[in-house]
Amino acid sequence: MKNMIRDLVIVQHPVSVSVPLNYQVNLSVRAEGTGILNYQWFKSDKEEVFGATRADLTVTAQRSQLYICRVNDQFCNCVFSEWVKVKVPDIAKPGLPVSWRGELHIAVHPAPQTVRQGQRLTLSCSAFGIPIPHYQWYRNGHPLLGKTTDTLQIHNAEADDRGTYLCSVSNVEEERWTEPADVDIEPSNQLKVTAPKLTATDKVALLIGNLNYSHHPDLMAPTMDVHELANLLQQLGFRVVSLLDLTREEMLAAIDKFILLLDRGVYALFYYAGHGYERSGRNYLVAIDAPQPYRPENCVCVQRVMRKMQERQTALSVVLLDTCRTWYNQDCIASEIRPLVPMGNTVYGYATCEDAEAYEVQDGGKSTGIFTKYLNKHILQPEKVTHVLEQVSEDLGRDPLVTGKQAVEIKHTLKEPRSLTDPVRTTGHTGELRLRDACWRQANELPRQKLLIFPCGVQVEVSFSALFSNVMVAFGTVKTTGPRTQDCTVTLRSTPAMEDIFSSPGRSGEMDSLLLNNLVAENPDCSLRLCGLQKLQGSLVIKVDLHYTHTGSKLRLQESKQLDIGKPLVASCDQYRGQQALVTQRQEGAPAQSMGHVSHSKQPPCQTLGQPGRPFTRKAECAANVPTARSNEPEENDETEPQDFTF
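Residues numbered from 1 in each chain as written. Predicted model: local features only at pLDDT ≥ 70, side-chain atom pairs only at ≥ 80, totals over all residues. Heavy atoms only, no water.

### Section: the overall build of the protein
Piece 1. Within the protein one finds nine helices and 40 strands.
Piece 2. Relative to its full complement of 647 residues, the protein shows a buried share of 51%.
Piece 3. For the protein, contacts bridging at least 24 residues in sequence account for 74% of all contacts bridging at least 6.
Piece 4. If you sum the accessible surface of the protein, you get close to 30300 Å²; carbon and sulfur atoms cover 50% of it. (Helix = DSSP H or I, 4+ residues; strand = E, 2+ residues; numbered from the N terminus. Buried < 20%, exposed > 50% of the residue type's maximum accessible area, 1.4 Å probe, protein only. Contact = heavy atoms within 4.5 Å. Areas by Shrake-Rupley, 256 points an atom, 1.4 Å probe, with all protein chains shown as cover.)

### Considering the sheet that holds strand β20 (residues 202-209)
Piece 1. Reading across from one edge, β21-β20-β22-β26-β28-β31 is the order of the six strands in this open sheet, with mixed pairing throughout. This sheet does not close on itself; its edge strands, each paired only once, are β21 (239-244) and β31 (409-412). Here the strands of the sheet are splayed against their neighbours by 10° on average, with no regard to which way each runs.
Piece 2. For strand β28 (residues 346-350) and β31, the ladder comprises four bridges, and the chain directions are antiparallel. If you follow Y348 over to β31, its bridge partner there is K411. (Pairing = 2+ DSSP bridges. Axes fitted to C-alpha atoms, helices over the stretch in contact; angles between N-to-C directions.)

### With respect to the sheet that holds strand β37 (residues 541-550)
Two pairing modes exist for strands in a sheet, parallel and antiparallel, and in both the strands are linked by backbone hydrogen bonds.
Piece 1. Read across the open sheet, the three strands follow the order β35-β37-β38; overall the sheet is antiparallel. Where the open sheet ends on each side, the last strands, each with one partner, are β35 (485-495) and β38 (556-564). Taking the axes of each pair of neighbouring strands and ignoring which way they run, one obtains an average angle of 20° across the sheet.
Piece 2. Judged from the nine bridges that link them, β37 and β38 form a sheet pairing that is antiparallel. Paired with I542 across the strands is L563, a residue of β38.

### Quick notes on unusual backbone geometry
Piece 1. At the junction of Q292 and P293, the peptide bond is cis and its omega measures out at -5° in the coordinates.
Piece 2. Along the polypeptide, P293 turns up in the loop between β24 (282-286) and β25 (299-301).
Piece 3. Backbone torsion omega between T495 and P496 reads 0°, so that peptide bond is classified as cis.
Piece 4. Summarising the element assignment, P496 is placed in the loop between β35 and α8 (508-517).
Piece 5. You will see that N22, though not glycine, has its phi angle at about 70°, which is positive.
Piece 6. Residue N22 is classed as partly exposed on the basis of its relative accessible area of 47%.

### Thoughts on the pairing of strand β7 (residues 65-72)
Piece 1. In the sheet, strand β5 (residues 38-43) pairs with β7 via six bridges, with the strands oriented antiparallel. From the neighbouring strand, K43 faces β7, where its bridge partner is Y67.
Piece 2. For β7 and strand β9 (residues 84-87), the ladder comprises three bridges, and the chain directions are antiparallel. In the sheet register, L66 faces β9, and the bridge partner there is K85.
Piece 3. Between the end of β7 and the start of strand β8 (residues 78-80), which pair antiparallel, lie five residues, with C76 showing a positive phi angle near 70°.

### Re the confidence of the model for the protein
Piece 1. For the protein, per-residue confidence averages 82 on the pLDDT scale, and 80% of positions sit at 70 or higher.
Piece 2. Mean pLDDT values over the elements of the protein span from 36, in strand β40 (residues 637-638), up to 96, in strand β22 (residues 266-273).
Piece 3. The low-confidence segment residues 332-338, where pLDDT is below 50, has 18 contacts with residues more than four positions distant or belonging to other chains.
Piece 4. Predicted confidence is poor over residues 581-614, with pLDDT under 50, and the contacts of this stretch with residues over four places away or in other chains come to 67 contacts. (pLDDT = per-residue confidence, 0-100.)

### Focus on the pattern of salt bridges
Piece 1. Counted under the stated rule, the structure contains 22 salt bridges.
Piece 2. Between K87 and D150 there is a salt bridge, with its nearest N and O atoms 3.0 Å apart. Of this pair, K87 sits in strand β9 while D150 sits in the loop between β15 (142-143) and β16 (151-154); the two residues are 63 residues apart in sequence, bridging distant segments of the chain.
Piece 3. Across the pair E416 and R418 runs a salt bridge whose closest N-O atoms are separated by 2.8 Å.
Piece 4. Using a relative accessible area of 26% as the deciding quantity, one classes E416 as partly exposed. (Salt bridge = Lys/Arg side-chain N within 4 Å of Asp/Glu carboxyl O.)

### Focus on the packing of helix α2 (residues 222-235) against helix α5 (residues 370-378)
Two quantities define a packed helix pair, namely the angle between the axes and the distance from one axis to the other.
Piece 1. Between α2 and α5, the shortest axis-to-axis distance is 10 Å and the interhelical angle comes to 15°. Put simply, α2 runs roughly parallel to α5. Crossing handedness for the pair α2 and α5: left-handed. Contact residues: α2 offers D225, E228, L229 and L232, while α5 offers T372, L375 and N376.
Piece 2. Residues that form the contact of α2 with α5 fall into these classes: three nonpolar, two polar and two charged. (Parallel < 35°, antiparallel > 145°, perpendicular 65-115°, else oblique. Left-handed = near helix turned anticlockwise from the far one by under 90°. Nonpolar A, V, L, I, M, F, W, Y, C, P; charged D, E, K, R; others polar.)

### Quick notes on the packing of aromatic side chains
Piece 1. The final tally for this structure, using the stated rule, is five aromatic pairs.
Piece 2. With a centroid separation of 5.1 Å and 65° between ring planes, the pair formed by Y23 and W100 is classed as edge-to-face. Of the two residues, Y23 is situated in the loop between β2 (17-18) and β3 (24-28) and W100 in the loop between β9 and β10 (105-108); the sequence distance between them amounts to 77 residues.
Piece 3. For W100, a relative accessible area of 3% corresponds to the buried category.
Piece 4. Geometrically, the ring pair formed by W100 and F128 is edge-to-face, given 6.3 Å between the ring centres and 70° between the ring planes. (Phe/Tyr/Trp six-rings, centres within 6.5 Å; stacked < 30°, edge-to-face > 60°.)

### Re the nonpolar core
Piece 1. Core analysis: the largest hydrophobic core is formed by 118 residues, its most contacted members being L207, L233, L269 and F270.
Piece 2. When residues of this core are assigned to their parent elements, the largest contribution, eight residues, is made by β22.
Piece 3. Of the residues that make up this core, three or more belong to each of domain 3 (202-441) and domain 4 (444-576).
Piece 4. What F270 contacts, discounting residues up to four positions off in sequence, is L206, I208, I255, F258, L285, V305, M309, V318, V319 and L320.
Piece 5. I10, V19, A61 and W100 belong to the second-largest nonpolar core, a separate cluster that totals 26 residues. (Core = buried A, V, L, I, M, F, W, Y, C linked by side-chain atoms within 4.5 Å. Domains from an automatic or database assignment.)

### Side note on the side chain of N210
Piece 1. Structurally, N210 is set in the loop between β20 and α2.
Piece 2. A distance of 3.0 Å separates the side chain of N210 from the backbone nitrogen of L246, its partner in a polar contact.
Piece 3. Reaching out from N210, the side chain makes a polar contact with the backbone oxygen of V286 at a distance of 3.3 Å. (Polar contact = N/O pair within 3.5 Å; in protein donor to acceptor, adjacent residues only side chain to side chain.)

### A closer look at the packing of α5 against helix α6 (residues 385-397)
Piece 1. Two numbers describe how α5 lies on α6: the axes approach to 9 Å, and their chain directions differ by 130°. In terms of axis orientation, α5 runs oblique to α6. In this structure, the crossing between α5 and α6 has a hand that is right-handed. The segment α5 lies against α6, with I370, F371, Y374, L375, K377 and H378 engaging V388, L389, Q391, V392, D395 and L396.
Piece 2. Classifying every residue of the contact of α5 with α6 by side-chain character gives eight nonpolar, two polar and two charged.

Right under this line is the structure:
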């Protein structure tokens, strides 16, 4: 008889609906069991619906009402469906088309309004749909936590509640958006006049950290620096793409995607940590595959990145460089620097001044660039971005580790008091914003966790966490052991095999701290770091090997399963295609390198973990320095240098 209880199950529950007055609604329940099944529908007041003894119930909607169905079999077993609601919104003129058959229809849009500070703000939205619509309110493009009903109420409106409000109306079939409603909050004291708050249409950041060099000393700090800065920028509302260890072609491809996310009114931030140098008034970022010695064509020119940012008519363009600026290959005539049309609102934050080095130190057991250490300390402050950098400069100037060795330099054309904390404000859910959101989500999409069931009965959960946009960790956890298994262990591997850039000595401690902060499973049995996802050209397959002891034979056995996770994170952007195109463009006419002996041996790391607190340089090995004059204005494009930076 107990088996019969398990046999009676509801396989399809009725769904809630939102319909106009007098609309005929069909509620359906489907159940499976032994023998003839009987049905009885009830209303919310526990009253039986007369004659409602079938699996389908048709009602004419007169008012909002809850319904539930009881299913029983001939063995006196019974189960109940889920409660469902037939909602009849109180709308005098629904405005539904005559042919309406349940598709989403927004009948009431939120209305723009002005509210006195301290008073109640109420916004309403009402929609019809089968299944019933779900609501999510947004302010300035960001979802409001917990605001998921058709009415949004803020009891004591404050200045921060000012903005553009939208409501997303959705069900399993589709999604629709209300018209935008601008809300203004008047100060309680009418004599108080405040300046209009500056806003961005969106905020986008690209962070690159290079640490494992083929021909130059390795670095330690970019890992933690990029990770911590990415988290802080996300708190400020930035869409962040963070990447580690890129070749020159990969850097150009990443910058290409970054530029496509920019548009008029966007706040753009580009950050780089790694080896670098300065030549003829321009800053160059050294890719991990740059030879020794290197030429400008082996690196990425920062001023060209800024130029592309400005061409997208951004409202704020910020470049932050935690890299050396030692002069390199200055024995040629300096090229003329031609600035762009003065658009303003550009900011350069240099970790060090001209012809000087930038240092990384051991701070509390972790490696950090000393510039980024103080940048992360102040970046959340709601102040003008140049004021934030000035605080960074002052703190770094007081640090005894780099006194007389490193000093922050700030160059800008800021004409408005813009801050990285400025809110995102849109005049609606524009097509440009939706496109940027789709592109950003594509580069940050993780595979879903998966429960694998092995033939022996053991269940293993595979879950994923992103450390960076091109570095992912897979976790394997034994959830349930089989009836004849014991001492279960699980290991993970991938096809193709992805290089672990954190496997070198000295990096394990910091990686352990990152993993602890990014665990998605409790006490995982194993983990697998997957680095360099931008190189992935096809699907990534995770191979799960289960080892266990059979309780009967006492033999140690192995079973394996494969999980195809496609192209996760930045791999979905197919950066390798852009890299191949860039390589093809440069193959013809590439200048020969005749700068003396090129060493192909890897340099020793720039730091020794046994000496905490000692600063280490971020300078790659270069030729002798020849000082030249410099300007205090932000450098831009160079007319005489070959235009080899292609987007």
